[in-house]
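Listed below are the residues making up each chain.
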Amino acid sequence: KDGVRASVWGLTRTPPRVLEGAAFTLSDEGTGIPEESVPRVFTRFWRGSTRRPQGAGLGLAICKEIVLAHRWHLSARDTGLGAEFLLRFADVSAG
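Thresholds, definitions, all that
Residues numbered from 1 in each chain as written. Predicted model: local features only at pLDDT ≥ 70, side-chain atom pairs only at ≥ 80, totals over all residues. Heavy atoms only, no water. Pairing = 2+ DSSP bridges. Helix = DSSP H or I, 4+ residues; strand = E, 2+ residues; numbered from the N terminus. Axes fitted to C-alpha atoms, helices over the stretch in contact; angles between N-to-C directions. Phe/Tyr/Trp six-rings, centres within 6.5 Å; stacked < 30°, edge-to-face > 60°. Buried < 20%, exposed > 50% of the residue type's maximum accessible area, 1.4 Å probe, protein only.

So, on to the pairing of strand β4 (residues 73-78). By the bridge criterion, 6 bridges tie β4 to strand β5 (residues 83-88) in an arrangement that is antiparallel. The partner of Ala76 across the bridge, within β5, is Phe85. Taking the residues that link successive antiparallel strands as the turn, the β4-β5 hairpin has 4 residues, and the phi of Gly80 there is positive, at about 90°.

Pasting the structure below:
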């Protein structure tokens, strides 16, 4: 609940709150995502042609599953200057 606080060893932590309909973007200035790859970036075990040698292709797939479990929205696009990811939180009043 809002305003609930937990105290452990004298430290107080207020749980984070998500504003209804809030969103944020994360972008980089790397090589971007080829247009034909955008629909697959959240697919388990898929690794793009410009990938690094390490990794199993699970990171973005796990992120997408977390987002779906919370009824949020996660999308990716190429900006021409790099990649951009949009995370939009669900309107909690929508039920």
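The next thing to look at is the sheet that holds strand β3 (residues 23-27). Judged by pairing direction, the sheet is antiparallel, and its 3 strands sit side by side in the order β3-β5-β4 without closing on themselves. In the strand order of this sheet, the two ends are held by β3 and β4, each with one partner. Direction aside, neighbouring strands of the sheet carry axes that sit 15° apart on average. In the sheet, β3 pairs with β5 via 5 bridges, with the strands oriented antiparallel. Following the sheet pairing, Ser27 is matched in β5 by Glu84.

For the rest of this paragraph, the subject is the packing of aromatic side chains. In this structure the tally under the stated criterion is 3 aromatic pairs. Ring plane angle 75° and centroid distance 6.3 Å describe the contact between Phe42 and Phe85, whose orientation is recorded as edge-to-face. Here Phe42, found in the loop between β3 and α1 (59-69), pairs with Phe85, found in strand β5; they are 43 residues apart in sequence, far enough to count as distant. Each member of the pair Phe42 and Phe85 is classed as buried. Ring geometry for Trp72 against Phe89: centres 4.7 Å apart, planes inclined by 85°, an arrangement best described as edge-to-face. Here the residue Trp72 occupies a position in the loop between α1 and β4, and Phe89 occupies one in the segment after β5, the gap between them amounting to 17 residues. For Trp72, a relative accessible area of 24% puts it in the partly exposed group. Here the aromatic residues Phe24, Trp72 and Phe89 are joined through ring pairs into a cluster of three or more.

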